[in-house]
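Residues per chain are reported as follows:
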Amino acid sequence: STGATNGTSVKKNQKQISANLVAPNTSLGQHFLKNPAVVTAIVEKAAIKPTDVVLEIGPGTGNMTVPLLQKSKKVTAIEYDDRMTREVLKRVEGTNVEHKLSILQGDAIKVAFPFFDVCVANVPYQISSALVFKLLSHRPMFRCAVMMFQEEFALRLSAKPGHALYCRLSVNCQLLAKVDQLMKVGRNNFRPPPKVESRVVRIELRNPPPPVNFQEWDGMIRLLFNRKNKTLRSVLHNKSTIKLLESNMRTHAAVNNQMLDDSVKVEDIVEEVVSMKQFQDQRSGKMDLDDFLELLAEFNKRGIHFA
């Protein structure tokens, strides 16, 4: 009997969804998820408890907001488009979950996130990278984020060394979090269909976080991935990089009241590190997290900093 009632409620939900035809604003990257089966699967993958506070980014017309409200203690939705805000509020008005919803109107990258246990989002491509970095640095830590991205972006998050998609985003994301690919979502599940397929991923922050200064780590990774297929030696031995590292060295010495030895040359220190057996002929596109952590430690030990 549950099968029958589920079928009926899915049909009812489908009707509700198609009745709800607000025009998406594609310049904001809006593509509404219209397939209730996909909505249900995403909500299930988020494994929401009745005590959870959920952060939903970009609720659109509320297709996912309603089931999230039914499963959680509270949902805070961040929505940029005031037409959508009105739509979601209208949708829950007079229902028994109305009191559980609060909406923050604004840009998800600029709005301060409230406390939450789980984040769920169907993310516009334009803000994917900025949003992932914002979540990775969010404190207090949340349990997980279940997010839909364009397929290539989603695959970058979990790409491994040597893979064509392995990039700064892959390394930074995997340093700070565990990323699982959950499901593929075809373009026809959206209104209007986007140009590419999508994927749903789960991001869980590493707790405790790795003992590394992220700004400095990212300074190094950004530099190395500018030319990920070149050797470390050729990426680090160029004038502008040496100049940057010299300036950082002076700043660190000044902050820590240390005298610099003028006879020590930054290019010599760089050469010493990149000549080490484990780094000779290494290219960042083939290095893993442990390699990068070791490289940063060897530079720091010799007074070289990337931020």
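Scroll up to find the structure.
In this text the structure is predicted, and so the values were computed from the model without any measurement. Every chain is numbered on its own, with residues counted from 1 as its sequence reads. The predicted origin of the model limits local features to residues at a pLDDT of at least 70 and limits the giving and counting of side-chain atom pairs to 80 or more, whereas totals for whole chains, interfaces and linings rest on all residues. Here the side-chain values reflect all heavy atoms present in the structure, with hydrogen atoms and water set aside.

So, the overall build of the chain
Where we set the bar: Comment: elements are numbered from the N terminus, with helices defined as DSSP H or I runs of at least four residues and strands as E runs of at least two. Per-residue accessibility, obtained with a 1.4 Å probe over protein chains only, is compared with the maximum for each type, and a residue is labelled buried under 20%, exposed over 50%, and partly exposed between these values. Note on contacts: a residue pair is in contact if any heavy atoms of the two residues lie within 4.5 Å. Residue-level accessible areas treat just the shown protein chains as cover; the underlying method is Shrake-Rupley with a 1.4 Å probe.
Assigned secondary structure in the chain consists of twelve helices and nine strands. Taken along its principal axes, the extent of the C-alpha atoms in the chain is 80 × 40 × 35 Å. Burial statistics for the chain: of 307 residues in total, 47% are counted as buried. In the chain, of all internal contacts separated by at least 6 residues, the share reaching a separation of at least 24 is 68%. For the chain, the exposed area adds up to about 15600 Å²; of that, 52% sits on carbon and sulfur atoms.

Topic: the nonpolar core
Cut-off, in case you're wondering: Working definition of a nonpolar core: buried Ala, Val, Leu, Ile, Met, Phe, Trp, Tyr and Cys residues. They are joined through side-chain atoms within 4.5 Å.
If you look at the biggest cluster of nonpolar residues, it comprises 62 residues, and the most contacted ones within it are Leu135, Met147, Phe149, Leu157, Phe292, Leu295 and Phe306. When near neighbours in sequence (up to four residues on either side) are disregarded, Leu295 contacts Met220, Leu224, Leu232, Val273, Phe279 and Met287. In this structure, Leu69, Val75, Val97 and Val185 belong to the second largest nonpolar core, which totals 28 residues.

Examining the pairing of strand 2 (residues 53-57)
Keep this limit in mind: Being paired, for any two strands, means DSSP has found at least two bridges between them.
For strand 2, a buried count of five out of five residues is recorded, marking the element as mostly surrounded by other parts of the structure. Here strand 2 shows two buried faces, one formed by Val53, Leu55 and Ile57 and the other by Val54 and Glu56. Inspection of the sheet shows strand 2 paired to strand 3 (residues 74-79) by five bridges, in the parallel sense. Opposite Leu55, over in strand 3, you have Thr76 as the bridge partner.

Structural notes on the packing of helix 7 (residues 168-176) against helix 12 (residues 289-301)
Stated precisely, the cut-off is as follows: Axis lines are fitted to C-alpha atoms, over the contacting stretch for helices. Their N-to-C directions set the angle, which ranges from 0 to 180 degrees. Working rule for angles: under 35 degrees goes down as roughly parallel, over 145 as roughly antiparallel, 65 to 115 as roughly perpendicular, anything else as oblique.
One can describe the packing of helix 7 onto helix 12 by two numbers: an axis separation of 10 Å at closest approach and a directional angle of 90 degrees. It follows that helix 7 is roughly perpendicular to helix 12 by the angle criterion. Each of Val171, Gln174 and Leu175 in helix 7 lies in contact with helix 12, whose residues at this interface are Leu289, Phe292 and Leu293.

Focus: unusual backbone geometry
A cis amide bond links Arg139 to the next residue, Pro140, at an omega of 0 degrees. As for its position among the elements, Pro140 is in the loop between helix 5 (128-136) and strand 6 (144-150). A cis geometry characterises the amide bond from Asn207 onward to Pro208, with omega recorded as 5 degrees. For Ala47, which is not glycine, the phi dihedral falls at a positive 45 degrees. Mapping Ala47 onto the fold places it in the loop between helix 2 (36-45) and strand 2. For Ala47, a relative accessible area of 49% puts it in the partly exposed group.

A word on the state of the cysteines
Spelled out, the test is: Pairs of cysteine sulfur atoms within 2.5 Å are identified as disulfides in what follows.
Counting across every chain of the model gives zero disulfides. Among the cysteines around Cys119, which has no disulfide bond, Cys144 carries the closest sulfur, lying 8.9 Å off. With a relative accessible area of 0%, Cys119 lands in the buried category. Looking at Cys173, it has no disulfide partner, and the nearest cysteine sulfur is the one in Cys167, 9.7 Å off. Among the residues examined, Cys173 registers a relative accessible area of 1% and is labelled buried.

Examining a positive patch on the surface
Which entries qualify depends on this criterion: Candidates for patches are residues over 30% relative accessible area with no salt bridge; among them, like charges are joined within 9 Å and nonpolar side chains (Val, Leu, Ile, Met, Phe, Trp, Tyr) within 5 Å. We define a salt bridge as a contact between a side-chain nitrogen of Lys or Arg and a carboxyl oxygen of Asp or Glu at a distance within 4 Å. Under the counting rule used here, the positive set is Lys and Arg, the negative set is Asp and Glu, and His together with the chain ends is not counted. The location of each charge is read from NZ of Lys, CZ of Arg, CG of Asp or CD of Glu.
Side chains of Arg227, Lys230, Arg283 and Lys286 sit close together on the surface and give a patch of like positive charge. If you trace the backbone, Arg227 turns up in the loop between helix 8 (214-224) and helix 9 (232-236).

Thoughts on the packing of aromatic side chains
Keep this limit in mind: Note on aromatic pairs: the rings of Phe, Tyr and Trp (six-membered ring only in Trp) are paired at centre separations within 6.5 Å, and the planes decide the class, stacked below 30 degrees, edge-to-face beyond 60, tilted for the rest. Counted as over-ring charges are cases with an Arg CZ or a Lys NZ within 6 Å of the ring centre that also lie within 35 degrees of the ring normal.
The full count for this structure, using the stated rule, is seven aromatic pairs. Seen in terms of ring centroids, Phe113 and Phe116 are 6.3 Å apart; in terms of plane orientation they differ by 80 degrees. Their pairing is edge-to-face. Aromatic pair Phe225 and Phe292: ring centres 5.9 Å apart, planes at 50 degrees, arrangement tilted. With Phe225 in the loop between helix 8 and helix 9 and Phe292 in helix 12, this pair connects stretches of sequence that are 67 residues apart. Here the aromatic cluster, defined as three or more aromatic residues joined through ring pairs, consists of Tyr166, Trp217, Phe225 and Phe292. Directly above the aromatic system of Phe113 lies the positively charged group of Lys134, at a separation of 4.1 Å from the ring centroid.

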